Amino acid sequence: MWDQALLITAVSLIFILAGFVKGVLGMGLPTVAIGILGLVIAPVEAAAMLVLPSLVTNIWQLVAGPSFRQLSKRFMTLIVGICLGTPIGVSFIVMGSVNLVSMGLGAVLAVYGLMGLLRPHYSVPGAWEKWLSAVIGFATGILMGATGISALPAAPYFSALNLRREDMIQALGLSFTVSSLMLALGLLASGTFQMAVAGSSLLALIPAFAGMFLGQWVRDKLPQEAFRRCFFAGLVVLGIYMAARAWQLV
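Residues numbered from 1 in each chain as written. Predicted model: local features only at pLDDT ≥ 70, side-chain atom pairs only at ≥ 80, totals over all residues. Heavy atoms only, no water.

### Remarks on the overall build of the protein
Inference 1: The number of helices and strands found in the protein is 12 helices and zero strands.
Inference 2: Going from the N terminus to the C terminus, the protein shows its helices and strands as α-α-α-α-α-α-α-α-α-α-α-α.
Inference 3: The proportion of buried residues among the 250 residues of the protein is 50%.
Inference 4: For the protein, contacts bridging at least 24 residues in sequence account for 84% of all contacts bridging at least 6. (Helix = DSSP H or I, 4+ residues; strand = E, 2+ residues; numbered from the N terminus. Buried < 20%, exposed > 50% of the residue type's maximum accessible area, 1.4 Å probe, protein only. Contact = heavy atoms within 4.5 Å.)

### A word on the packing of aromatic side chains
Inference 1: A full pass over the atoms with the stated rule returns six aromatic pairs.
Inference 2: Seen from their ring centres, Tyr157 and Phe158 are 6.0 Å apart, and the 45° between their planes marks the pair as tilted.
Inference 3: The exposure class of Phe158 is buried, given its relative accessible area of 0%.
Inference 4: An aromatic cluster is built from Trp60, Phe209 and Phe213, whose rings are joined through pairwise contacts. (Phe/Tyr/Trp six-rings, centres within 6.5 Å; stacked < 30°, edge-to-face > 60°.)

### Describing helix 1 (residues 4-25)
Inference 1: For helix 1, built from 22 residues, the straight-helix expectation of 32 Å at 1.5 Å per residue is met to within 8% by its first-to-last C-alpha distance of 32 Å.
Inference 2: Considered for burial, the residues of helix 1 that qualify are Leu7, Ala10, Val11, Ile14, Phe15, Ala18, Gly19, Val21, Lys22, Gly23, Val24 and Leu25.
Inference 3: Backbone geometry just after helix 1 places Gly26 at a positive phi near 85°. (Expected span 1.5 Å × (residues − 1).)

### Things to note about unusual backbone geometry
Inference 1: Its identity is not glycine, yet Asn162 carries a phi of approximately 55°, on the positive side.
Inference 2: If you trace the backbone, Asn162 turns up in the loop between helix 8 (154-160) and helix 9 (165-190).

### Some remarks on the side chain of Asn58
Inference 1: Of note, Asn58 is situated in helix 3 (residues 43-63).
Inference 2: Setting aside anything within four residues of it in sequence, one finds Asn58 in contact with Lys22, Gly173, Phe176, Thr177 and Ser180.

### Quick look at the pattern of salt bridges
Inference 1: Throughout the structure, instances matching the rule amount to four salt bridges.
Inference 2: Here Asp167 and Arg164 are joined by a salt bridge, their closest N and O atoms 3.0 Å apart.
Inference 3: Asp167 sits in the buried class, given a relative accessible area of 11%.
Inference 4: Here Glu166 makes a salt bridge to Arg165, at a shortest N to O gap of 3.7 Å. (Salt bridge = Lys/Arg side-chain N within 4 Å of Asp/Glu carboxyl O.)

### Description of the nonpolar core
Inference 1: Counting 55 residues, the largest nonpolar core has Phe15, Met27, Leu37, Phe75, Tyr157, Phe158 and Phe231 as the members making the most contacts within it.
Inference 2: For this core, the leading source of residues is helix 1, giving eight residues.
Inference 3: Excluding residues that lie within four positions of it along the chain, Phe75 makes contacts with Glu129, Ser133, Tyr157, Phe158, Leu161, Leu163, Ala171 and Leu174. (Core = buried A, V, L, I, M, F, W, Y, C linked by side-chain atoms within 4.5 Å.)

### Some details on a nonpolar patch on the surface
Inference 1: Taken together, Met76, Val80, Leu84, Ile88 and Phe138 make up a surface patch of nonpolar side chains, about 440 Å² in accessible area.
Inference 2: Position of Leu84 relative to the elements: it lies in helix 5 (residues 76-92).
Inference 3: Residue Leu84 is classed as exposed on the basis of its relative accessible area of 53%. (Patch = residues over 30% accessible without salt bridge, like charges linked within 9 Å, V, L, I, M, F, W, Y side chains within 5 Å. Areas by Shrake-Rupley, 256 points an atom, 1.4 Å probe, with all protein chains shown as cover.)

### A word on the packing of helix 1 against helix 11 (residues 205-221)
Inference 1: Interaxial distance between helix 1 and helix 11 falls to 6 Å at its minimum, and their mutual angle equals 35°. Every pair of crossing elements has a handedness; the one defined by helix 1 and helix 11 is right-handed. On the side of helix 1, the interface is formed by Ser12, Phe15, Ile16, Gly19, Phe20, Lys22, Gly23 and Val24, while helix 11 contributes Pro207, Ala208, Gly211, Met212, Leu214, Gly215, Gln216, Val218 and Arg219.
Inference 2: Residue composition of the contact of helix 1 with helix 11, by class: nine nonpolar, six polar and two charged. (Axes fitted to C-alpha atoms, helices over the stretch in contact; angles between N-to-C directions. Left-handed = near helix turned anticlockwise from the far one by under 90°. Nonpolar A, V, L, I, M, F, W, Y, C, P; charged D, E, K, R; others polar.)

Here is the structure:
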């Protein structure tokens, strides 16, 4: 149905948009890309095409920040939790309706974003952080493996730690990198990610990075308070979009 040149243009624009959202908010590339890509190509092909752009942009987001070593050491228990939880999530996918899970996650994400805009104060006591990071990482890994969404509960948790803007972005990059890598390994082990689609996934890096760099430029121009509002507003939009799309597929 789609002319080849038109299809390539459409896919490129989708990855530019998804990369832009990630550049501004530090998250959202898989949610935006997989939802819109499903309108022009098969969902399985869309998911496979997303593997490398998601993984590589997450790695870039992680290493480009100023506090890589400090954050990696601080959130080591979270990393371990993600590594343990993701394989469980991948196996869980065959046990129930992923669409229902995604719909619930989207609703929670939207509510959390709305609460953030209303500015109630949440904080995590320092004495809780080490063990709570492990729990959050484990839960994030399970949800990532089951749905491909790695924003919950990691994003609300990092926000509750009152991290600075760049540390927040880099901590999200850390969580998403580990989650994406574990998911990619799981897909390779299960044979879901075939090398035949690796070329398309590799080419998708170009528009994804173009959009991401543009989004980063916009983010750097934002004051801290404006970034906070954009971040929580982005959670609301992404959550509503995720829930609405899952509702249509139920």
